[in-house]
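This is what each chain is made of:
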Amino acid sequence: MAFQTASRTESPEWRALIALTGPGSFLPDASVNWKALIDLAIRHKVCLLLAHGVRQSGTAISCPEAQVRMDAATRTLTMRALAHARLITGIIEAFHDARVPVSILKGAPLSSIIHGDLTRRDPGDIDMIIPPERLLDACNTLSTLGFSTEYARLFESETKRENLVRYMKDLGFVHNSRTAYVECHWRLFPHETSIQTDPARIFGADTVLIGDRAVPVPDPVETFLHLCCHGAWHLWERLKWLNDIRWIVHTGHMVSGDWSPVVTRAREMGLTRVLASTVLVAHRIGEPFPLPAALREVVAQTEGAQRDADTILAHIARTGPLAKDPDPKMFALMALASKRIRMCSGSRSSVPATLVSDLIRPSYEELIRIDLPAPLHGLYALFRTVRVMRSQMGIKR
């Protein structure tokens, strides 16, 4: 089955970045502005992959200043990736001693799974997931490692903790050295209608060896579908996320070359459209590569996948080449929220309810201020909805 590829009217820097950080070989044309290309790689968090692609393709960076910038960025990011890998092993050891189940999402373990190298993905936050009922234990364990959260007051009462778990999916912790940031998740996604969090597939499902420490990670099928939903939710605004999909599909290492369990699990969760549109975007954005038979079949059979892929690729074409992250004001708030939810929702019928839940969900600051028992949260949600709608429509008191 043949699919239309992305437009070739993009800037030479954006086109080169897509090609040099993806599978396959590519030589950029002479018109590439290397300083702009490297800045774009830093924004999209694919600098380490770009350096690898440049080496593998034998490409010469024609601008000495750009070469110096590339070398400096690569050294810094490599050292940070290795530091994060060491920190992850320390976190796993501490949680093991505290008997708190934990798995690491993405990060250094995912880089090792996809590329066989801990330093191929630009490091970001350290994402971990724990059972929701162990959140307080997780907070205390992270505290012993030098991490703290600006929302510590959420642990002042049991009601606040319960509301935190009910309305949010994660809580951020920063290290006292300001060199690392941990997102402690208890759900994979804000909405369980998008991707359910199955403990049997999250905790004790698989491990990745970092040094001499086996680091627990979710089941590879669950990980891949989570990557699809996560990227779709953000409309693939970072090339880093899409490159994960491109390399996973191209190599097949994560699933040992067998995509049938991924397709089966996607059908169980109602995520075939998410899977199909994601595969299409990954296939079409750069030079096309052969798709495994199971993925070709799900793409061909899934209604709406082509339309979703067209929408995402158009969004990427507008925002990807920008020198800075796109301003959220470029898009209508509710229209963008609706688009995001529709792109990653497992149940299309749940989209209106999900939009409403987004509208009424309080912020972390509100959860600190509003210490209400569950029966009164309905009244507060109604009040908040009216207030937010007035704000968005520009209605003044």
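Residues numbered from 1 in each chain as written. Predicted model: local features only at pLDDT ≥ 70, side-chain atom pairs only at ≥ 80, totals over all residues. Heavy atoms only, no water.

**Here we look at the environment of Gly 211**
- Looking at the secondary structure, you find Gly 211 in the loop between β6 (206-210) and β7 (213-217).
- For the pair Gly 211 and Ala 85, spaced 126 residues apart in the sequence, the C-alpha separation amounts to 9.0 Å. (Helix = DSSP H or I, 4+ residues; strand = E, 2+ residues; numbered from the N terminus.)

**Details of the pairing of strand β4 (residues 170-175)**
- Of all six residues in β4, six are buried, a share of seventy percent or more.
- What you see with β4 is no split at all: Asp 170, Gly 172 and Val 174 on one side and Leu 171, Phe 173 and His 175 on the other are buried throughout.
- As paired elements, strand β3 (residues 147-148) and β4 share two bridges and run antiparallel to each other. Bridging from a neighbouring strand, Ser 148 pairs with Val 174 of β4.
- What sits between β4 and strand β5 (residues 181-185) in their antiparallel hairpin is a turn of five residues, with Arg 178 showing a positive phi close to 65°. (Buried < 20%, exposed > 50% of the residue type's maximum accessible area, 1.4 Å probe, protein only. Pairing = 2+ DSSP bridges.)

**Overview of the side chain of Thr 141**
- By secondary structure assignment, the location of Thr 141 is in helix α6 (residues 135-144).
- For Thr 141, a relative accessible area of 7% gives the class buried.
- The contacts of Thr 141, once residues within four sequence positions are left out, are Ala 94, Phe 95, Ala 98 and Val 100. (Contact = heavy atoms within 4.5 Å.)

**Things to note about the packing of aromatic side chains**
- All told, the structure shown has two aromatic pairs when counted by the stated rule.
- Relative to Tyr 364, the ring of Tyr 151 lies with its centre 4.8 Å away and its plane at 15°, an arrangement referred to as stacked. Of this pair, Tyr 151 sits in the loop between β3 and α7 (158-167) while Tyr 364 sits in helix α17 (residues 364-369), and the two are 213 residues apart along the sequence. For the pair formed by Tyr 151 and Tyr 364, the shared burial category is buried.
- Their ring planes at 70° and their centres at 5.0 Å tell us that Phe 224 and Trp 259 sit as a pair that is edge-to-face. In this pair, Phe 224 sits in helix α9 (residues 220-233) while Trp 259 sits in the loop between α10 (239-251) and α11 (260-269), placing the two residues 35 residues apart along the sequence.
- Residue class for Trp 259 comes out buried when judged on its relative accessible area of 3%. (Phe/Tyr/Trp six-rings, centres within 6.5 Å; stacked < 30°, edge-to-face > 60°.)

**Examining the environment of Val 274**
- In this structure, Val 274 sits in helix α12 (residues 272-285).
- The exposure class assigned to Val 274 is buried, which follows from its relative accessible area of 2%.
- Here the alpha-carbon distance between Val 274 and Thr 302, two residues 28 residues apart in the chain, equals 9.5 Å.

Read these as spatial facts, not as claims about activity.
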